[in-house]
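Topology and contacts: notes
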Amino acid sequence: MPLTLLEKIWNRHVVVEEAGELLLHVDRALVHEGASHAFDKLVQEGRTIARPRQVFAFTDHYVPTSGRENGVAGIANAEIRNMVIQLQANAAKHGVTLFGIDDARQGILHIVPPEQGITQPGLLICGADSHTATHGAFGCLAFGIGASDMMHVMATQTLWQRRQQSMRVTLEGEPGFGVSPKDIILAIIAKIGVDGGTGHIIEYAGSTFRNMSMEGRMTVCNMSIEAGARAGMVAPDDTTYAYMQGRPYAPKGAQWDAAMAMWQALPTDEGAHFDREVAMQAADIAPMVTWGTNPQQGGPVTGLVPDPRDIKDAVTAQEVASAIDYQALAPGMALTDIRVDKVFIGSCTNGRIEDLRAAAAVARLGKAVVPAWVVAGSQPVKRQAEAEGLDTIFKNAGFEWREPGCSLCTAINGDQLRPGERCASTSNRNFKGRQGTGGRTHLVSPAMAAAAAIRGRLTDVRELLKAT
Amino acid sequence: MNPFTTITAIAAPIDEPNVDTNQLCPTRFNKVPRGPAHARILFHDRRFNADGSEKEHILNAEPFNRAQIIVADRNWGSGSSRESAVYALYEFGIRCVIAPSFADIHSNNCYKNGLLPVILGEAQCAALRAQLRDNPGATLSVDLAAQTVTDAQGATHHFEIHPVRKKCLLEGLDDIARTTQYRDALDAFEAAYKNERPWLQA
Ligand code: SF4
């Protein structure tokens, strides 16, 4: 019987099946400073970690993005410092590998594992974070879980799950000029909705994804959760293997060959069944921005803020009205008339080297007229960017070049918007208050964010790029 | 985990789709160890001003401040995987949320903490919310064994639940107890698996 990539991974990970629930073996568990609840539960119940070598801890959510010379001791805020110290202590106590604040590999938990080769095709990866979906770009099954489930994974290296429905999103063709993977996933979310993928795991298929870099695939899979899906995945191919070869945790020599044989058998078989299919053309997608307070509330940058009075469904109209109100916008205004106070380039969605290259290509065209931050997703990304001179481009254009972490994406390390401030952000969530209480977020691609910094308002990056 | 069997309690209607876990528990409260403080964290930034004074919010107002059931709209609990969103609901006193749909991770987190997520149709939820708005303090009865929600007017709505989830909630069982029954299967699985992918433990 023809099988999907997802079914093949499930089948290899089932330990037992009980009344339609599967006990699945978990290959990797990823935690960050916020996972203290899971460690607390583990200790409360007197349990130990079953496979400490398969659990990895990251300092990303709480670490400051400036003044890092003094490591943990340099964190001014005591509460935040305590979170980082707590994770260090938990990692040491339980024998878990920690990518600590002063580690040369430090970075966001969805950026470091691919860089280190920890993320591999065919694996089952659980993270204490919903954007664990990112790792699916490598053809593995990766999803976020809560503290209770994480405690279960740590204690047993397994997890109970039901089989989920499968959805295939097929995109064909080359994206147009100035259109990035971020625009593609925002367009997919605008089409299927923030609950369109609920109960499903998405496989992204078609020539658009085949021709996409690993960085781009990660951006797309990352935001599967914003479409309601717990996981997104792309079948592994030569692009995947080329990215992985030689990474520290990747198999080597004969083991690499054995792994390749397994990996190459993973892609979905011809004729395999999906519960739902969605098809789109890449050429139809324009650079996107969100105007509202959920990631579905967006559209092409050439468009307008919608008018709730034009919306027939009363609940949707109410939802749109409430979003426009929170965002302090006027119905019918051009998206490019929205002024911004701040720009954030970074996060697990867009904090990789290609993202910084795309942003720098725009930043070199002008000067930032509002505070604009560039926060690499990891130390290796930061070093790579510096080797390529991107930091100089950003600094010359008046952008701030900061230390890696989640930063303004989730606003718990001290980096945050003030009430009423408006930010063009390359992160993934525009929920009310996500970037700081009372802050307003517009989600965009790295190039679009850089364009907004230069113009001080949401801008069609194609205009800037065409002028060159 | 505390078991869930039946409950008859005041229900609060929340007329908003896509309520995300950032609203249920703003990110900065993630680090708070689980405890009674979570009652105030629920919808914190919607319920309280920066100076700590109360804003107008249904869960601040009598009789809804005593609600143990929420009737919500679609896609409840989207966003972050934070389990503290469930702690906030639970410590506030909520034992059951009824909605047309739930975000997957959040619904899972509810089950793991003895909080019952009930899926009813969009129209049913809308009708229940209207009824609760018009009759503040009206109660709903939820019977997990019978898989029913009964409203104050006596109408009964049936809901579906996975048999394993139902059993775990009714008996207050956690997953670890279930898993450890399969120790032998686990050992056999792991031996074969390790052989196949030895580099994973390096
Ligand atoms: S960058 Fe943002 S979305 Fe990504 S892991 Fe950090 S906080 Fe979560």
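Residues numbered from 1 in each chain as written. Chains lettered and ligands numbered in written order. Predicted model: local features only at pLDDT ≥ 70, side-chain atom pairs only at ≥ 80, totals over all residues. Heavy atoms only, no water.

Observations concerning the domain arrangement of chain A
Residues and elements named next belong to chain A. The test is simple: How far each domain reaches was decided by an automatic or database domain assignment. Note on contacts: a residue pair qualifies if any of its non-hydrogen atoms lie within 4.5 Å across the two residues. Summed over both partners, the accessible area lost on bringing two parts together, with a 1.4 Å probe, is the buried area.
The domains assigned to chain A are domain 1 (5-161), domain 2 (164-284) and domain 3 (288-466). Centre-to-centre, using C-alpha coordinates, domain 1 lies 28 Å away from domain 3. Contacts between domain 1 and domain 3 engage 22 residues on the former and 25 residues on the latter. For the pair domain 1 and domain 3, the summed buried surface comes to about 1,800 Å²; carbon and sulfur atoms form 58% of the total. The largest per-residue losses of area from domain 1 upon contact with domain 3 belong to Thr 65, Ile 108 and Ile 111, which jointly make up 33% of the total buried on that side.

A word on the site of the ligand
Residues and elements named next belong to chain A. Rules: If even one non-hydrogen atom of a residue comes within 4 Å of a molecule or strand, that residue is called near it. A cavity, in this analysis, means grid points on a 1 Å lattice covering only the protein atoms where a 1.4 Å probe fits yet has no way out; a pocket is instead an open set bounded by protein on both sides within 12 Å along at least five of seven lines, and a residue lines either one if it has an atom within 4 Å of a point. In this description, a molecule resides in a pocket or cavity if more than half of its atoms sit within 2 Å of the grid points defining it. As a working rule, the residues Ala, Val, Leu, Ile, Met, Phe, Trp, Tyr, Cys and Pro are called nonpolar, Asp, Glu, Lys and Arg charged, and the rest polar, with Gly in that last group.
In the neighbourhood of the ligand, 13 residues make up the surrounding shell, with His 131, Cys 348, Cys 406, Cys 409 and Asn 428 lying closest. A molecule is said to occupy a pocket when more than half its atoms come within 2 Å of that pocket's grid points, and by this definition the ligand occupies the largest cavity. Here the shell around the ligand is built from residues that sort into 5 nonpolar, 6 polar and 2 charged. Both domain 1 (5-161) and domain 3 (288-466) contribute no fewer than three residues apiece to the shell around the ligand.

Here's the deal with the sheet that holds strand 4 (residues 116-119) of chain B
Residues and elements named next belong to chain B. This is how it is decided: In this analysis, strands are considered paired if DSSP registers two or more bridges between them. Where helices and strands are cited, they refer to DSSP runs of H or I of at least four residues and of E of at least two residues respectively, numbered from the N terminus. The convention used is that axes are lines fitted to C-alpha atoms, helices contributing only their stretch in contact, and that angles between N-to-C directions extend from 0 to 180 degrees.
The strand order across the open sheet formed by 7 strands is 4-3-2-1-5-6-7, and the pairing between neighbours is mixed. On the outer flanks of this sheet lie strand 4 and strand 7 (156-158), each paired with one strand and no other. Strand-to-strand, the axes of this sheet are offset by a mean angle of 25°, without reference to chain direction. Note: strand 5 (residues 139-143) against strand 6 (residues 148-150), 3 bridges, orientation antiparallel. The residue bridging Val 142 from the neighbouring strand is Val 149, located in strand 6. Along the sheet face, helix 6 (residues 122-134) touches strand 1 (6-13), strand 2 (69-71), strand 3 (96-99), strand 5 and strand 7 and points at about 80° away from the line of strand 1.

Quick word on the interface of chain A and chain B
Let me state the cut-off plainly: By definition here, a salt bridge exists when the distance from a side-chain nitrogen of Lys or Arg to a carboxyl oxygen of Asp or Glu is within 4 Å.
Contacts between the two partners involve 69 residues from chain A and, on the opposite side, 58 residues from chain B. Roughly 5,300 Å² of surface becomes buried between chain A and chain B when both sides are summed, with 51% attributable to carbon and sulfur atoms. A per-residue breakdown of the area chain A buries against chain B is headed by Arg12(A), His37(A) and Trp160(A), which together make up 12% of the total. For Glu83(B), the salt bridge is made with Lys41(A), and the minimal N-O distance between the two is 3.9 Å. When residues in the side of chain A that touches chain B are grouped by element, the largest group, 7 residues, is from helix 5 (residues 147-156) of chain A. Its residues assigned to classes, the side of chain A that touches chain B shows 24 nonpolar, 25 polar and 20 charged.

Observations concerning the nonpolar core
The test is simple: Buried residues of nine kinds, namely Ala, Val, Leu, Ile, Met, Phe, Trp, Tyr and Cys, make up a nonpolar core once their side-chain atoms join them within 4.5 Å. Think of it in three bands: with a 1.4 Å probe and only protein chains considered, a residue is buried below 20% of the maximum accessible area for its type, exposed above 50%, and partly exposed in between.
Counting residues in hydrophobic clusters, the biggest one holds 149 residues, and the most contacted among them are Leu141(A), Ile188(A), Tyr204(A), Val343(A), Leu356(A), Phe394(A) and Phe399(A). Looking at this core element by element, the count peaks at 8 residues for helix 16 (residues 446-455) of chain A. Residues contacting Leu356(A), with those up to four places away along its chain left out, are Ile345(A), Val374(A), Ala376(A), Val381(A), Ala385(A), Leu390(A), Phe394(A) and Trp401(A). Counting 28 residues, the second largest nonpolar core, distinct from the first, contains Phe64(B), Ala67(B), Ala72(B) and Cys110(B).

Some words on the layout of surface pockets
Selection rule: Grid points are joined across faces, edges and corners, and a volume is the space filled by probe spheres set on the points.
One number sums up the size of the largest pocket: a volume of about 670 Å³. Around the largest pocket, the lining comprises 32 residues; the ones closest to its centre are Gly436(A), Thr437(A), Gly438(A), Arg28(B) and Asp45(B). Listing elements by their share of the lining of the largest pocket, those giving two or more residues are helix 3 (78-94) of chain A together with helix 1 (21-24) and helix 3 (44-47) of chain B. Ranked by the residues each element gives to the lining of the largest pocket, the list is headed by helix 3 of chain B, at 3 residues.

Concerning the environment of Ala323(A)
All names here are of chain A. By secondary structure assignment, the location of Ala 323 is in helix 11 (residues 314-327). Taking the relative accessible area as the measure of exposure, Ala 323 reaches 0% and is therefore buried. Sequence separation between Ala 323 and Gln 161 is 162 residues; the distance between their C-alpha atoms is 35 Å. The contact partners of Ala 323, leaving out residues within four places of it in the chain, are Trp 291, Gly 292, Thr 293 and Gln 297.

A short note on the pattern of salt bridges
Under the definition given, this model contains 39 salt bridges over all chains. Measuring nitrogen to oxygen at the nearest pair gives 2.8 Å for the salt bridge that ties Arg309(A) to Asp307(A). Note that Arg28(B) is salt-bridged to Asp45(B), the shortest N-O span being 2.7 Å. Taken together, the residues span a long stretch of sequence, with Arg28(B) in the loop between helix 1 and helix 2 (38-41) and Asp45(B) in helix 3 at a distance of 17 residues. Arg28(B) gets classed as partly exposed once you look at its relative accessible area, which sits at 32%. Shared partners join several salt bridges into a network, and the residues in it are Glu18(A), Glu21(A), Asp149(A), Arg162(A), Lys112(B), Arg165(B), Asp175(B) and Arg178(B).

Quick word on the sheet that holds strand 11 (residues 231-233) of chain A
All names here are of chain A. In space, the 4 strands of this open sheet follow the order 11-10-9-12, with parallel pairing throughout. Since the sheet does not close on itself, it has two edges, and those belong to strand 11 and strand 12 (276-281), each with one partner. Put simply, the sheet's adjacent strands are angled 20° from each other on average, direction ignored. Taken together, the 3 bridges between strand 10 (residues 200-205) and strand 11 define a ladder with parallel strand orientation. Opposite Ile 202, over in strand 11, you have Gly 232 as the bridge partner.

A short note on helix 5 (residues 104-111) of chain B
Counting buried positions along helix 5 of chain B gives 8 out of 8 residues, so the element sits mostly inside the fold. Within helix 5 of chain B the residues assigned to the buried category are Asp104(B), Ile105(B), His106(B), Ser107(B), Asn108(B), Asn109(B), Cys110(B) and Tyr111(B).

Topic: the packing of aromatic side chains
Short version of the rule: Each Phe, Tyr or Trp ring, with Trp reduced to its six-membered ring, pairs with another whose centre is within 6.5 Å; inter-plane angles below 30 degrees give stacked pairs, above 60 give edge-to-face pairs, and intermediate values give tilted ones.
Counted by the stated rule, this structure contains 12 aromatic pairs over all chains. For the pair Phe56(A) and Tyr249(A), a centre-to-centre distance of 5.6 Å together with 85° between the ring planes defines the contact as edge-to-face. Pair noted here: Phe56(A) is in strand 4 (residues 55-58) and Tyr249(A) is in the loop between helix 9 (238-244) and helix 10 (253-264), with a separation of 193 residues, a long-range link. With respect to burial, Phe56(A) and Tyr249(A) carry one shared label: buried. Arranged with centres 6.3 Å apart and planes meeting at 70°, the rings of Phe43(B) and Trp76(B) form a pair that is edge-to-face.

Overview of the packing of helix 2 (residues 36-44) of chain A against helix 3 of chain A
Angle between the axes and distance between the axes: these two values describe a pair of packed helices. All names here are of chain A. Let me state the cut-off plainly: Each angle gets one of four labels, with under 35 degrees taken as roughly parallel, over 145 as roughly antiparallel, 65 to 115 as roughly perpendicular, and the rest as oblique. Working rule for handedness: look at the near helix, and if it is turned counterclockwise from the far one by less than a right angle, call the crossing left-handed; if clockwise, right-handed.
Packing of helix 2 against helix 3 leaves a shortest axis separation of 11 Å and a crossing angle of 40°. With respect to helix 3, the axis of helix 2 lies oblique. In the crossing of helix 2 with helix 3, the sense of the turn from one axis to the other is left-handed. Only Met 83, Gln 86, Leu 87, Asn 90, Lys 93 and His 94 of helix 3 make contact with helix 2, whose side of the interface consists of Ser 36, Phe 39, Leu 42 and Val 43. Grouping the constituent residues of the contact of helix 2 with helix 3 by class yields 5 nonpolar, 4 polar and 1 charged.

Section: the packing of helix 13 (residues 353-363) of chain A against helix 16 of chain A
Residues and elements named next belong to chain A. Interaxial distance between helix 13 and helix 16 falls to 7 Å at its minimum, and their mutual angle equals 30°. The angle between helix 13 and helix 16 falls in the class roughly parallel. Here the hand of the crossing between helix 13 and helix 16 comes out right-handed. Contacts from Asp 355, Ala 358, Ala 359, Val 362 and Ala 363 of helix 13 reach helix 16 at Pro 446, Ala 447, Ala 450, Ala 451 and Ile 454.

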